[in-house]
Amino acid sequence: MLGDYRVRQREYLLEISRALTAQLKLDELLRMVLEAAAEILAGQAGLIALREPDGRFSIRASYGLPRALLPYFTPLLTDIPDDADLGRFRIPGLGEKLGRIAAQLGLRLQQVVALPMVIKRELIGVLFVFRAYGARFTVNDRQILASFADQAAIAVYNAQLYERLLQEKRRLDAILEYSADGVLILDGGLRIMVFNRALSQMSGWPSYEAIGRLHDEVVRWARLDTELDLSSAIAGGWPLPSAAPLYVEGDMRRRTGGTVSVGITYAPLFDREGRLVNIIANVRDITRFREAEEIKSTFISVISHELKTPVALIKGYADTLLREDASWDPAVMRESLTVIVEEAERLNHLIDNLLDASRLQAGALPMEIDQVDLSALAERVAARFRTQTQKHEISVRFPPRFPVVDGDPRRLEQVLDNLVSNAIKYSPQGGRIEIRGRWTDDEVIVTVSDEGMGIPPAEQARVFERFFRGTRARQQRVPGTGLGLYLSQAIVKAHGGRMWVESTPGAGSAFSFALPRRQPA
Ligand code: ADP
């Protein structure tokens, strides 16, 4: 009888060990262990209780007991000694408790044995086996059960490790997936294994399309700043000493068209034999950085060019007037002084624009809202510009009783000024310039049209960009900074309005802005 036990016990234990390595689902393993233990000890039923994080015990596996009855067994889980000498583990009053439960439920369970599950000297659970009849559990029975309890403890331990590993992996996946930077993981053959959300957005490649492809199929350069191409660079092993990361920068082609400026850091991962197993790449969108660089250099060239001209003129005329060997007749003197005043005004205007642009970048333009009569404003602007040009005929056409709007009169004058001054600047042959007003139920619309050089369709969308200057404007050396329309549009938008352009190259342009009409009180 005893020999029989031993053989079967060994078989069970072997089976359980095999299952243990093949299978990491904790609850199933616990059930297997319990079943085997109960069977080998000829027990009718059994339970495994595990210690929860809060220290209390709860039933995690059962054998031979209907699920609905399990709550009745919870009294067994109290008074479990914690730091008792585990070699002489004993739950006080266990037999009596079982007796009461069995009587209450009408079950014929008389004998109980409880074995501690211990890992690293810590009690992590208890294995119970119940018998309906027969002899009390012997020392030998307890020994058999102890091996199962050990197996169960290992199972719990492995499962907890596995769970922690899974959790760690999930955490890592989440970090990768939601990282604001693009993340790309390649295998040793440069095939894409991980492609996160940020990278999908940057590159236009959905991750399911990118994963499994070769690096070079997805990361394609329209322009590369560094003289480095990943596949050829690593053909003869990692090109940098001590596995230092590689950095490349350039314009990457988006799958959906267009490009994006990125900097990619490739970091290699080697196995113990020094073979390249993975490359982990961090992809950073540097478009804004590039733009900022570009704006800075435009800014400097604009400033140097546009400020220099008036300053040179002012200095030239002033120098001449100052010459001691000459006495100027009043007409020449007046003319020189007029140039000086005009150029000083131009400087002033330029500085104002630069200040506005930087204010706008820092936040919003300050506004002082009042009631504005746009038709009177247009008349005033027209009158001022008429004195500055002979080649252009400036007219104003506003219907009578033009509605008054809420707005900043000084800022709106700045907009009109800019539109009329552009109309003059960009129609060097002269022609008619018209300021027209109209209104709808909810907007007033002002249009400034000219018969000048017009704007090529490709540039029409860009004229409102900061520092944008048309090709012809630059070729024909029309003075300007590319700030006028940018500021005008910002002012109109600050009023809740919109601004647009219609133009036929060679025939003229019409710039319009619409402002919301005053809400009736
Ligand atoms: P700037 O006149 O200082 O260059 P703007 O922002 O006022 O800057 O205008 C941007 C560009 O839009 C100009 O360089 C020019 O190419 C184009 N543009 C503006 N107004 C006109 C116009 N009335 N006719 C033709 N081109 C224009």
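Residues numbered from 1 in each chain as written. Predicted model: local features only at pLDDT ≥ 70, side-chain atom pairs only at ≥ 80, totals over all residues. Heavy atoms only, no water.

Colleague: Any chance you could break down the overall build of the protein chain for me, citing the residues and the numbers?
Modeller: Counting secondary structure elements, the protein chain contains 15 helices and 17 strands. Since a compact globule built from 521 residues should have a radius of gyration of about 24 Å, the 43 Å found for the protein chain marks it as more spread out than a globular shape. Counting only C-alpha atoms, the protein chain reaches 135 × 70 × 45 Å along its principal axes. Burial status across the protein chain gives 42% buried among its 521 residues. Summarising the internal contacts of the protein chain: among those between residues at least 6 apart in sequence, 60% fall at separations of at least 24. Put simply, the protein chain shows about 29,600 Å² of open surface, and 53% of that area lies on carbon and sulfur atoms. (Helix = DSSP H or I, 4+ residues; strand = E, 2+ residues; numbered from the N terminus. Rg over C-alpha atoms; globule rule 2.2 N^0.38 Å. Buried < 20%, exposed > 50% of the residue type's maximum accessible area, 1.4 Å probe, protein only. Contact = heavy atoms within 4.5 Å. Areas by Shrake-Rupley, 256 points an atom, 1.4 Å probe, with all protein chains shown as cover.)

Colleague: Quick one: what's the story with the sheet that holds strand E7 (residues 221-224), residue by residue and with numbers?
Modeller: The six strands lie next to each other as E6-E5-E10-E9-E8-E7, forming an open sheet whose pairing is antiparallel. For this open sheet the edge positions go to strand E6 (192-195) and E7, each flanked by a neighbour on one side alone. On average, adjacent strands in this sheet sit at an angle of 30° to one another, irrespective of strand direction. Note that strand E5 (residues 182-187) and E6 share three bridges and pair antiparallel. Looking across to E6, one finds that Leu 186 is bridged to Ile 192. Sitting on the sheet, helix H9 (residues 287-322) touches E7, strand E8 (246-253), strand E9 (259-270) and strand E10 (276-285), and the angle it makes with E9 is about 130°. (Pairing = 2+ DSSP bridges. Axes fitted to C-alpha atoms, helices over the stretch in contact; angles between N-to-C directions.)

Colleague: Any details on the domain arrangement of the protein chain? Residues and values, ideally.
Modeller: Partitioning the protein chain into domains gives domain 1 (2-170), domain 2 (180-285), domain 3 (290-361) and domain 4 (370-516). Each of domain 1 and domain 4 was reduced to a C-alpha centroid, and the two centroids are 87 Å apart. (Domains from an automatic or database assignment.)

Colleague: Hey, could you go over the packing of aromatic side chains for me, with residue numbers and the actual values?
Modeller: Using the criterion set out here, one finds five aromatic pairs in the structure. Here the aromatic rings of Phe 128 and Phe 130 are separated by 6.3 Å at their centres, their planes lie at 20°, and the arrangement is stacked. Residues Phe 402 and Trp 439 carry aromatic rings whose centres are separated by 5.5 Å and whose planes lie at 75° to one another, so their mutual orientation is edge-to-face. Taken together, the residues Phe 402 in the loop between strand E12 (392-397) and strand E13 (405-407) and Trp 439 in strand E14 (residues 431-439) connect sequence positions 37 residues apart. Among the aromatic side chains, those forming a connected cluster through ring pairs are Phe 73, Phe 128 and Phe 130. (Phe/Tyr/Trp six-rings, centres within 6.5 Å; stacked < 30°, edge-to-face > 60°.)

Colleague: Lay out the site of the ligand in plain terms, naming residues and giving numbers.
Modeller: Every one of the 21 residues lining the ligand counts as a neighbour, but Asn 422, Tyr 426, Arg 469, Thr 481 and Leu 485 are closest to it. Here an oxygen atom of the ligand sits 3.0 Å away from a polar atom, N or O, in the side chain of Lys 425. Starting from 530 Å² of accessible surface for the ligand in isolation, the protein chains cover 97%. Of all elements in the fold, only helix H12 (409-425), helix H15 (484-494) and strand E17 (508-516) reach the threshold of two or more residues within the shell around the ligand. (Near = heavy atom within 4 Å. Polar contact = N/O pair within 3.5 Å; in protein donor to acceptor, adjacent residues only side chain to side chain.)

Colleague: Lay out the side chain of Ser 503 in plain terms, naming residues and giving numbers.
Modeller: Looking at the secondary structure, you find Ser 503 in strand E16 (residues 498-504). A polar atom in the side chain of Ser 503 sits 3.1 Å from the side chain of Ser 509. When neighbours within four sequence positions are excluded, Ser 503 is seen to be in contact with Gly 454, Ile 455, Gln 460, Gly 508 and Ser 509.

Colleague: Hey, could you go over H15 for me, with residue numbers and the actual values?
Modeller: When you tally the buried positions in H15, you get nine out of 11 residues, the bulk of the element. For H15, the full list of buried residues reads Gly 484, Leu 485, Tyr 486, Leu 487, Ser 488, Gln 489, Ala 490, Ile 491 and Val 492. On its buried face, H15 sits against helix H10 (330-362), H12, E16 and E17. One or two positions beyond H15, positive phi appears at Gly 496, with a value near 80°.

Colleague: Pulling in residues and values, what's your account of the packing of H12 against H15?
Modeller: Relative to each other, H12 and H15 sit at 145°, their axes nearing to 9 Å. As for how H12 packs across H15, the hand of that crossing is left-handed. Mapping the contact onto sequence places Arg 411, Gln 414, Val 415, Asn 418, Leu 419 and Asn 422 in H12 and Gly 484, Leu 485, Leu 487, Ser 488, Ile 491 and Val 492 in H15. (Left-handed = near helix turned anticlockwise from the far one by under 90°.)

Colleague: I'd like to hear about the sheet that holds strand E4 (residues 122-131), residue by residue, with values.
Modeller: On the basis of which strands lie adjacent, the open sheet formed by four strands has the order E2-E1-E4-E3 and antiparallel pairing. At either end of the open sheet lies a strand with only one pairing partner, and these are strand E2 (57-63) and strand E3 (111-119). Adjacent strand axes in the sheet meet at a mean angle of 20° when their direction is disregarded. Pairing of strand E1 (residues 45-51) with E2, which is carried by six bridges, proceeds in the antiparallel orientation. Paired with Gly 46 across the bridge in E2 is Tyr 63. Most of the contacts of helix H3 (residues 94-105) go to E3, to which it runs at about 125°, and overall it touches E3 and E4.

Colleague: Kindly report on the pairing of strand E15 (residues 443-449), identifying the contributing residues and their values.
Modeller: Within E15, seven of the seven residues are buried, which leaves the element mostly enclosed by the surrounding structure. Alternating residues of E15 divide into Glu 443, Ile 445, Thr 447 and Ser 449 and Val 444, Val 446 and Val 448, and every residue in both groups is buried. As consecutive antiparallel partners, E14 and E15 are separated by three residues. As defined by bridge partners, E15 adjoins E17 across seven bridges and the pair is classed as antiparallel. Note on E17: the bridge partner recorded for Val 448 is Phe 511.

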